[in-house]
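Coordinate analysis (summary)
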Amino acid sequence: MQLVTSKEVTEAVEIGQASMNYDRLTLMGLLFIWAFPVLLGASVSVCWLAEGHRNMDMVNTTENPSQGLQIRKSGQAGGVAELFHSGSDGGPCSRTNCGRGRQCVLLEATGRAECVCQEECRPTFVPVCGSDGRFYENHCEVYRTACVQKRRIYVVHSKDCFFKGDTCTMAEYNRLKNMLLDMQPKGLTGRVKKVKRTMDQKRALVDTMFKYFDLNKDGSLCSEELVQISMKDHLEDSLLECTMQDLLRYDDYNNDGHLNLHEFYTAFQVVQLSLAEDQIVSVSTVTVGLSTVLSCAIQGTLRPPVIWKRNGIILNFLDLEDINDFGDDGSLYITKVTTIHMGNYSCHAYGYEELHQTHVLQVNVPPVILVYPETQAQEPGMSASLHCHADGIPNPNIMWLKNGIDLQPRPSNQLSLIANGSELYIDSVRYEDTGAYTCIAKNEVGVDEDISSLFVEDSARKTLANILWREEGLSVGNMFYVFSDEGITVLQPSECEIRRQIKRTERIVASYEEMCPKSEGVSPQHCVWSSAVSVRDKYIYVTQPLQKRLLVLDTQAQKVVQAVDTDPFPVKLFYDKSHDQVWVLSWGNMQKSHPTLQASVGEVHHTIRTPFQRVDDFFIPPTNLIITHVRFGFVFLKSEPAVHKIDLETFHRVKTISLKNYSCVPVSMAYTHLGGFYFIQCQALSRDPSSVQPQLLIDSVTDTVIGPNLNITGHPYVSPDGRYIVTPDQRRGKVRVQTVSFQGVLGLSRDLDTSLHVSDLVFQPSFTVSNQYTMVAASGSGTDLLFSDLATGHSEVLGSLKEPLSPHAWSWGGPNRVLVSSGLFGQYLVTPSVESLFVLNGKQKTPHCEVSQDLSRGMQDHIAGIQQLNILCPSSTADLFTI
């Protein structure tokens, strides 16, 4: 169907020229629908100018209906015919009647008059329907078309053709184009027929088709050419509701009545895209806190919209807080970049995913350092160690100054730098070693520094620094708090010395109640604990599930100062340092039938109820030197294949991430801020013991499940710097170690073969290399302990630690052999057995001492390691790693 319009809307409608009599109603209907083709944007296609008549000189522009038109040949024989009026003198054309749709031409060579098809009609708009079912602008166009097509077409009294344009829908139009591609016009081979076409094959096919349709070889297609092709190849009966002219209707974007090659490409969805080879992978680096723009380097005429992906997830249609503008040029904007944004981003043109560019985004972080101790006093001849821990991306370089002057190690063993400068060791201090030692950490995006002061004094000279150091116990370093049947024991690990025993009958300061009152029907009297955490390096919170309360222990006064009521059976605690609040999970009863989640906020020790019911477990990501604030946590509900994201400040649910498609009920989670990956340990929906589900990965930028974490199963643990993910795979007898690069790329580093049935696992900073960690794993079924350097994979097994508790001896969940480290700067670890408590030297990977006494009873209760100084301390109880 050929749709035609007139731009001269105000031109008088020459109804009087019509050869048919329209009734008034029909005429009103025709005038009503005339705007339909106008809205479609079709244009009058007069192709004769493109077919060799563009150089005609119009001798007279006034058409006299009584006189014929004469065409005079100019130039060489066979040249362009020239159209002119025969004038008043009369001539062959004045005596020749050619009929409607035809006109008379005078052949210059012979002087004879000849009737040819009329080349154009006056652009008047008197819409009529032809007997061929097509819409025509006026009667002249009906008869001119009949002449061109050499068949009889007449005007009919039907309005059907006016509405036929509605039937050429986009779906029908696509069928037309697919049919034209499959018909393979002349000049094409059959090599690509009935197979999936590549873009190069499709472009070659469309190129050949365009050349075939371009009858006058002028590089564009007009209506007349399309009509002639339709007649020549007998397409009229095959095009269904659409015609060849609909190519102009849909894809003549500049509305000039012609299709150029680019418009033809667009019609058949041939997009020519290119990507420079050196742009296939682009690496971008941005400093944390700034904004960045990633531009897609895929070029091409009529390039479709750019689609961006991260971890296989399309970003364009997500309502993200920090990725919310893709720009007119398809660029990706990330505002306030953090370490979770590092990773790979890919872009491609919509519909052409096979050609894509990868952007590797690295996020650099200026150094943040922590020194230990801040102040120390030593006697002459003693050794002294000053520690400096620095985090940053890339890893910072460390240097030391003494009283503002560069400090270079002497050739002797008097002073040495250990672990890339992380430790400054003075073998035998002298009075002149007194001073302020400044640790400076620097990388390519920033610098940080802090001071550790050393006073070398005779113990008899009680200076203020000496008094502070010795009387406040600052030289002790880390202490372990052991919760047993008998009460609370404060253990100094370096000397294996029990510094304080808080017996079960000791009174609570605020209420004067006994710390462990005797329960009705329970004899003899004993303490029952379930979980403990260190709070603000000032308090220890510990739960008493049978007393439905938690106790607050002041670490400075070494006394229990308050009891805080909770819901029945509080069993798990977690300290959210970002918001200074302790989360309490209570079971309600031993059957866990009425679990609740509470929080204790701020300096006032009291609990408030959160709106979450049926809580099975919860997870809050840990903080470190770089990540000092955490906004969101997660809650697992009983037997539900989903994790619920919660706002830690308002306690409101933010969203629910379904795991149903993976048949996964979450058991535990872990998190790395590098690339923002969540790792979920799954339990099958069916609860079939033989069914083992692989871990799932969630992208924290999009809160979307990426998919299984390879074929790794089991409980995930993440090192404090976020660079290592360690998963004991009990079924395969392996410990799977994964790494996250500073570009946010997650990869499998190695598998450690071990028969160790891992009960608990902690990370200890390396004593030989800065910014590295050693993994320490305790066996839940044997007496062994595994040390493994995560950087090199070198492993050592420490045995003979006596048998652990029975897995069923601990009623409150978690590991049956807990393992607790003494923090960022401590070298000791503690683990209990049935008979005693073992203190281990992590630096030397050897047993340090064994403590038995009355501590052997109730040793299933948790051990809390805390720092006495105001420094960052890792989780205080091992069960926190399972939350």
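Residues numbered from 1 in each chain as written. Predicted model: local features only at pLDDT ≥ 70, side-chain atom pairs only at ≥ 80, totals over all residues. Heavy atoms only, no water.

An unreviewed UniProt entry lists the chain under the name Follistatin-like 4, with Umbra pygmaea as the source organism.

A few words now on the overall build of the chain. Looking only at helices and strands, one finds nine helices and 56 strands in the chain. Every one of the 883 residues in the chain was classed for burial, and the buried ones make up 53%. Across the chain, every contact between residues at least 6 apart in sequence was considered, and the portion connecting residues at least 24 apart equals 54%. As presented, the chain carries roughly 39,900 Å² of accessible surface, and 50% of it is formed by carbon and sulfur atoms. (Helix = DSSP H or I, 4+ residues; strand = E, 2+ residues; numbered from the N terminus. Buried < 20%, exposed > 50% of the residue type's maximum accessible area, 1.4 Å probe, protein only. Contact = heavy atoms within 4.5 Å. Areas by Shrake-Rupley, 256 points an atom, 1.4 Å probe, with all protein chains shown as cover.)

A separate point is the nonpolar core. One finds Trp-308, Ile-323, Leu-332, Tyr-345, Val-643 and Ile-680 to be the most contacted residues of the largest nonpolar core, which totals 48 residues. When residues of this core are assigned to their parent elements, the largest contribution, five residues, is made by strand E41 (residues 677-684). When residues no more than four places from it in sequence are discounted, the contact partners of Ile-680 are Val-643, Leu-659, Cys-664, Pro-666, Ser-668, Met-669, Gln-695, Leu-696 and Ile-698. One finds Ile-229, Leu-259, Phe-264 and Ala-267 within the second-largest nonpolar core, a separate group that totals 25 residues. (Core = buried A, V, L, I, M, F, W, Y, C linked by side-chain atoms within 4.5 Å.)

In this section: the side chain of Thr-727. For Thr-727, the location among the structural elements is in strand E45 (residues 724-729). Here the side chain of Thr-727 touches Gln-695 through a polar contact of 3.0 Å, side chain to side chain. Not counting residues up to four positions away in its chain, the partners in contact with Thr-727 are Gln-695, Ile-712, Thr-713, Gly-714, His-715, Pro-716, Lys-734, Val-735 and Arg-736. (Polar contact = N/O pair within 3.5 Å; in protein donor to acceptor, adjacent residues only side chain to side chain.)

Taken together, four strands build an open sheet; the order of strands is E36-E37-E38-E39 and the sheet is antiparallel. Lying at the two open borders of the sheet, with one neighbouring strand each, are strand E36 (615-619) and strand E39 (653-658). Neighbouring strand axes in the sheet, compared pairwise and without regard to direction, differ in orientation by 25 degrees on average. In this sheet, strand E38 (residues 642-647) lies alongside strand E37 (residues 632-637) in antiparallel orientation, the contact comprising four bridges. Looking across to E38, one finds that Val-635 is bridged to His-644. (Pairing = 2+ DSSP bridges. Axes fitted to C-alpha atoms, helices over the stretch in contact; angles between N-to-C directions.)

Another point: unusual backbone geometry. Note that the residue after Tyr-372, namely Pro-373, is joined by a cis bond; omega there is -10 degrees. Its place among the elements puts Pro-373 in the loop between strand E16 (352-372) and strand E17 (375-378). For the bond running from Ile-393 to Pro-394, omega is -5 degrees, close enough to zero to count as cis. In this structure, Pro-394 sits in the loop between strand E18 (384-393) and strand E19 (397-402). Of note, Asn-311 is a non-glycine position whose phi angle comes to about 55 degrees, a positive value. We note that Leu-710 has phi near 50 degrees; this positive angle belongs to a residue other than glycine. Mapping Leu-710 onto the fold places it in the loop between strand E43 (704-708) and strand E44 (717-718).

Read from one edge of the open sheet, four strands run E32-E33-E34-E35, paired in antiparallel fashion. Two strands lie at the open edges of the sheet, namely strand E32 (570-576) and strand E35 (607-613), each paired on one side alone. Going across the sheet, the axis of each strand differs from the next one's by a mean of 25 degrees, ignoring polarity. Across four bridges, strand E34 (residues 596-601) lies against E35 in antiparallel orientation.

Counted under the stated rule, the structure contains 14 aromatic pairs. Here the aromatic rings of Trp-587 and Trp-812 are separated by 5.8 Å at their centres, their planes lie at 45 degrees, and the arrangement is tilted. Of this pair, Trp-587 sits in the loop between strand E33 (581-586) and E34 while Trp-812 sits in the loop between strand E51 (795-798) and strand E52 (820-821); the two residues are 225 residues apart in sequence, bridging distant segments of the chain. Judged by its relative accessible area of 8%, Trp-812 is buried. Through pairs of rings, three or more aromatic residues link up here, namely Phe-210, Tyr-212, Phe-213, Phe-264 and Phe-268. A cation sits over an aromatic face here: Arg-507 above Tyr-512, 5.2 Å from the ring centre. Seen from the ring of Phe-632, Lys-645 lies directly overhead, with NZ or CZ sitting 4.2 Å from the centre. (Phe/Tyr/Trp six-rings, centres within 6.5 Å; stacked < 30°, edge-to-face > 60°. Lys NZ or Arg CZ within 6 Å of the ring centre and 35° of its normal.)

In this section: helix H5 (residues 199-213). With 15 residues, H5 should cover 21 Å at 1.5 Å per step; its first-to-last C-alpha distance of 21 Å lies within 8% of that length. Regarding H5, the residues found buried are Lys-202, Arg-203, Leu-205, Val-206, Met-209, Phe-210, Tyr-212 and Phe-213. Looking at the buried side of H5, the elements it contacts are helix H4 (170-183), strand E8 (221-222), helix H6 (223-232), strand E9 (258-259) and helix H8 (261-267). (Expected span 1.5 Å × (residues − 1).)

Our next topic: a nonpolar patch on the surface. Side chains of Ile-280, Val-281 and Val-283 sit close together on the surface and give an oily, nonpolar patch of about 270 Å² of accessible area. Secondary-structure assignment places Ile-280 in the loop between H8 and strand E10 (281-287). (Patch = residues over 30% accessible without salt bridge, like charges linked within 9 Å, V, L, I, M, F, W, Y side chains within 5 Å. Salt bridge = Lys/Arg side-chain N within 4 Å of Asp/Glu carboxyl O.)

This part covers the state of the cysteines. All told, the structure shown has nine disulfides when counted by the stated rule. Bridging Cys-117 to Cys-147, the disulfide has an S-S length of 1.9 Å. Between Cys-117 and Cys-147, the S-S torsion sits near -90 degrees, and that sign places the bridge as left-handed. Note that Cys-117 is positioned in strand E4 (residues 113-117) and Cys-147 in helix H3 (residues 139-149), a separation of 30 residues in sequence. Between the sulfur of Cys-121 and that of Cys-140 lies a disulfide, 2.0 Å long from S to S. Measuring the twist about the S-S bond at about -80 degrees, one finds the Cys-121-Cys-140 disulfide to be left-handed. Linking Cys-121 in the loop between E4 and strand E5 (128-130) with Cys-140 in helix H3, this pair joins segments that are 19 residues apart in sequence. Looking at Cys-121, the relative accessible area reads 10%, which means it is buried. By relative accessible area, which is 24% here, Cys-140 ends up partly exposed. (Disulfide = S-S within 2.5 Å.)

Right, let's get into the pattern of salt bridges. Per the counting criterion, the structure on display carries 24 salt bridges. Linking Glu-486 and Arg-504 is a salt bridge whose minimum nitrogen-to-oxygen distance equals 3.5 Å. Of this pair, Glu-486 sits in the loop between strand E25 (479-484) and strand E26 (487-492) while Arg-504 is found in the loop between strand E27 (497-503) and strand E28 (532-535), placing the two residues 18 residues apart along the sequence. The class for Glu-486 is partly exposed, based on a relative accessible area of 23%. Linking Glu-850 and Lys-802 is a salt bridge whose minimum nitrogen-to-oxygen distance equals 2.7 Å. One end of the pair, Glu-850, is in strand E55 (residues 846-851); the other, Lys-802, is in the loop between E51 and E52, with 48 residues separating them in the sequence. A single salt-bridge network, built from bridges that share partners, covers Asp-729, Arg-732, Arg-736 and Asp-751.

Below, the discussion takes up H3. It helps to recall that an α-helix has 3.6 residues per turn; residues three or four apart then point in one direction. Judged by how many residues are buried, H3 sits mostly within the fold: nine of 11 residues are covered. Within the span of H3, buried status applies to His-139, Glu-141, Val-142, Tyr-143, Arg-144, Thr-145, Ala-146, Cys-147 and Gln-149. Taken together, the buried residues of H3 touch strand E3 (102-106), E4, E5, strand E6 (135-136), strand E7 (155-156) and H6. Downstream of H3 by a residue or two, Lys-150 has a phi angle that is positive, lying close to 55 degrees.

With that settled, consider the pairing of E51. The pairing of strand E50 (residues 785-789) with E51 spans four bridges and is antiparallel. Of the residues in E51, the one forming a bridge with Leu-785 is Leu-798. Hairpin connection of E50 to E51: five residues between the antiparallel strands, including Gly-793 at a positive phi of 85 degrees.

A few words now on the environment of Tyr-437. In this fold, Tyr-437 is placed in strand E23 (residues 435-443). Separated by 14 residues in sequence, Tyr-437 and Ile-451 have C-alpha atoms that sit 5.5 Å apart. The contacts of Tyr-437, once residues within four sequence positions are left out, are Leu-386, Trp-400, Leu-401, Lys-402, Leu-407, Leu-424, Ile-426, Asp-450, Ile-451, Ser-452 and Leu-454.

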